[in-house]
Amino acid sequence: MLEGVGVTTSRPFGAVAENGGSMYAAGSLFQLLRDGRPRTRAELAAETGLARSTVTQRVDSLLASNLIGPADKAASTGGRPPTRFAFNPNARFVLAADIGATHARLALTDLACEVLAEAADELLVAAGPEPVLSWVNATGQKLIAKVGRDPADLLGVGIGLPGPVEHSTGRPVSPPIMPGWDGFDVQGYLEDRFGAVALVDNDVNIMALGEHFAHWSNAPHMMFVKVATGIGSGLISDGRLHRGAQGAAGDMGHLQLPHGTDVVCRCGNTGCLEAVASGAAIAAKLAARGIQAASSGDVVTLARGGNIEALQLLRQAGRDIGEVLAAAVSLFNPSVIVIGGSLSQAGEHLIAGVREIVYRRSLPLATQDLRIVQSSTGDRAGIIGAAVMVIDHALAPAQVDLMIAAPAGT
């Protein structure tokens, strides 16, 4: 479970690295310090049950890696006050990218997911992997130079894409709105250019991670629903992102609505929720009525301007999404459903429609404490989540042990 930017681990504190070197088992000790609370060596020894000499050895190796640093002095019980040590979020930095159907956002963050610099641009994912990833590379290099960081301090690159992704390989799989991306080695492309680990996931999964980290870390079961050009969801279960067997969990946009069977979806099926209730679908309905609208952004602008047709269609879209979510509530039983994406910024009509159906059709036990809310992270959910994904992976105990061991082998 994520706590701050930390992870839990079942690895015992007394475990050693495979090479037998006890100083390289510091990764497990480091997890305690990732909550940001300073501790003395004596406090660490008391929490872990390790000998003071072992704690000192592991603290020294973490200090040498710059992952922790001295904090304030503890109160003295006589003699020189002991030093406390705390997580150093500035030790490394992360490059985080959120690619949507028509936009791209990029940010550098520290290890506590604080944004150091960011950039955004209108970019069509349909242009193909080379133009989009070239923008990520060029813009990322500029941001690194802008903040004056050593490229060697890059912990990793995280990126979210608007289509199905096999997380283990970082390759998109038959993405319906991403021509040319199927099977493309996104992970390898980015690792070659940045010289650091790269992780790739579906954009809604990383938005779920970002929203959970920033605002709902106390809610172990959460759904994040993105309603924009398309519709999708990310599932947090027991504090962890649930991807499913192949990474396809949460693809609610292509569940069929009974009353929409005559509407063709871009995936090739008919009656998909996305084909009926997405921003693109609403814009098409407005255009058919003679109202100028071509995108989700146009729908939001019309709704904020009080256009009655736009508001009515948003409310109905919320009801349609609620039909699918009512089933999800019964199956998954989340305590929070967060509605994000560009259409969530159009006001309460969309979310009101969702609530109307979910609370009516779900069992009282499943909804008695259920909250359905608008995203608090807004358009930063994706970049925060991409950063969390990298930090969670790269600062896990075994990875920290390797990071500490690396200088000795060079």
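In case you missed it, the structure is sitting above this.
What counts and how
- Residues numbered from 1 in each chain as written.
- Predicted model: local features only at pLDDT ≥ 70, side-chain atom pairs only at ≥ 80, totals over all residues.
- Heavy atoms only, no water.
- Helix = DSSP H or I, 4+ residues; strand = E, 2+ residues; numbered from the N terminus.
- Rg over C-alpha atoms; globule rule 2.2 N^0.38 Å.
- Buried < 20%, exposed > 50% of the residue type's maximum accessible area, 1.4 Å probe, protein only.
- Expected span 1.5 Å × (residues − 1).
- Arc of directions from axis to C-beta.
- Axes fitted to C-alpha atoms, helices over the stretch in contact; angles between N-to-C directions.
- Parallel < 35°, antiparallel > 145°, perpendicular 65-115°, else oblique.
- Left-handed = near helix turned anticlockwise from the far one by under 90°.
- Contact = heavy atoms within 4.5 Å.
- Nonpolar A, V, L, I, M, F, W, Y, C, P; charged D, E, K, R; others polar.
- Pairing = 2+ DSSP bridges.
- Salt bridge = Lys/Arg side-chain N within 4 Å of Asp/Glu carboxyl O.

**As for the overall build of the protein chain**
Right, on to step 1. Helices and strands together make up the secondary structure of the protein chain, namely 14 helices and 15 strands.
Right, on to step 2. Against the 2.2 N^0.38 benchmark of 22 Å for 410 residues, the protein chain shows a C-alpha radius of gyration of 23 Å, consistent with a compact globule.
Right, on to step 3. Its C-alpha atoms give the protein chain principal-axis dimensions of about 80 × 50 × 40 Å.
Right, on to step 4. Looking at the protein chain as a whole, 52% of its 410 residues qualify as buried.

**What about helix H3 (residues 52-65)?**
Right, on to step 1. Here H3 spans 20 Å end to end across 14 residues, near enough to the 20 Å set by a 1.5 Å rise per residue.
Right, on to step 2. Along H3, the residues that are buried comprise Val 55, Arg 58, Val 59, Ser 61, Leu 62 and Ser 65. All buried residues of H3 lie within an arc of 160 degrees about the axis, which places them on one face of the element. In H3, the exposed residues that point more than 90 degrees away from the buried face are Ser 53 and Ala 64.
Right, on to step 3. Two residues or fewer after H3 comes Asn 66, characterised by a positive phi angle close to 75 degrees.

**Considering the packing of helix H2 (residues 41-48) against H3**
Right, on to step 1. Following both chains from N to C, one finds H2 and H3 inclined at 115 degrees, their axes separated by 9 Å at the closest point. Taken together, H2 and H3 sit at an angle that is classed as roughly perpendicular. Seen along the crossing, H2 lies across H3 with a hand that is right-handed. Counting all contacts with H2, which are made through Arg 41, Ala 42, Leu 44, Ala 45 and Thr 48, the residues of H3 involved are Arg 52, Val 55, Thr 56, Val 59 and Asp 60.
Right, on to step 2. Classifying every residue of the contact of H2 with H3 gives 5 nonpolar, 2 polar and 3 charged.

**Describing the sheet that holds strand E6 (residues 115-122)**
Right, on to step 1. One open sheet accounts for 5 strands, arranged E6-E5-E4-E7-E10; its pairing is mixed. Strand pairing shows two members of the sheet lacking a second neighbour, E6 and strand E10 (197-202), which therefore form its edges. Between one strand axis and the next, the sheet turns by 15 degrees as a mean value, whatever way the strands run.
Right, on to step 2. Note that strand E4 (residues 93-99) and strand E7 (residues 154-161) share 6 bridges and pair parallel. Residue pairing in the sheet places Leu 95 in a bridge with Val 157 of E7.
Right, on to step 3. Seen against the sheet, helix H6 (residues 203-215) touches E4, E7 and E10 and runs at an angle of roughly 100 degrees to E10.
Right, on to step 4. Across the sheet, helix H13 (residues 381-394) is in contact with E4, strand E5 (103-109), E6, E7 and E10; its angle to E7 comes to roughly 130 degrees.

**Considering the environment of Leu 325**
Right, on to step 1. Counting through the fold element by element, Leu 325 comes out in helix H10 (residues 308-332).
Right, on to step 2. Through-space distance from the C-alpha of Leu 325 to that of Arg 355 is 9.6 Å; in sequence the pair is 30 residues apart.
Right, on to step 3. Excluding residues within four positions of it along the chain, Leu 325 makes contact with Met 223, Val 225, Met 252, Ile 337, Ile 339, Val 354 and Val 358.

**Looking at the pattern of salt bridges**
Right, on to step 1. Summed over the entire model, instances satisfying the criterion amount to 17 salt bridges.
Right, on to step 2. In this structure, Arg 84 engages Glu 43 in a salt bridge whose closest nitrogen and oxygen atoms are separated by 4.0 Å. Pair noted here: Arg 84 is in strand E3 (residues 83-87) and Glu 43 is in helix H2, with a separation of 41 residues, a long-range link.
Right, on to step 3. A relative accessible area of 21% places Arg 84 in the partly exposed class.
Right, on to step 4. Residue Arg 105 is joined to Asp 379 by a salt bridge in which the shortest nitrogen-to-oxygen separation is 3.9 Å. Residue Arg 105 is found in strand E5, and its partner Asp 379 is found in the loop between strand E15 (371-374) and H13; the two are separated by 274 residues along the sequence.

**A word on the pairing of E5**
Looking along a regular strand, one sees side chains alternate from face to face of the sheet.
Right, on to step 1. In terms of burial, E5 is largely enclosed, as 6 of its 7 residues are buried.
Right, on to step 2. Here E4 pairs with E5 via 6 bridges, running antiparallel. Within E5, the position partnered with Val 94 by the bridge is Thr 109.
Right, on to step 3. Across 7 bridges, the pairing between E5 and E6 is antiparallel. Across the sheet, Ala 104 pairs through a bridge with Asp 121, a residue of E6.
Right, on to step 4. Connecting the antiparallel pair E5 and E6 is a turn made up of 5 residues, with Cys 113 showing a positive phi of about 65 degrees.

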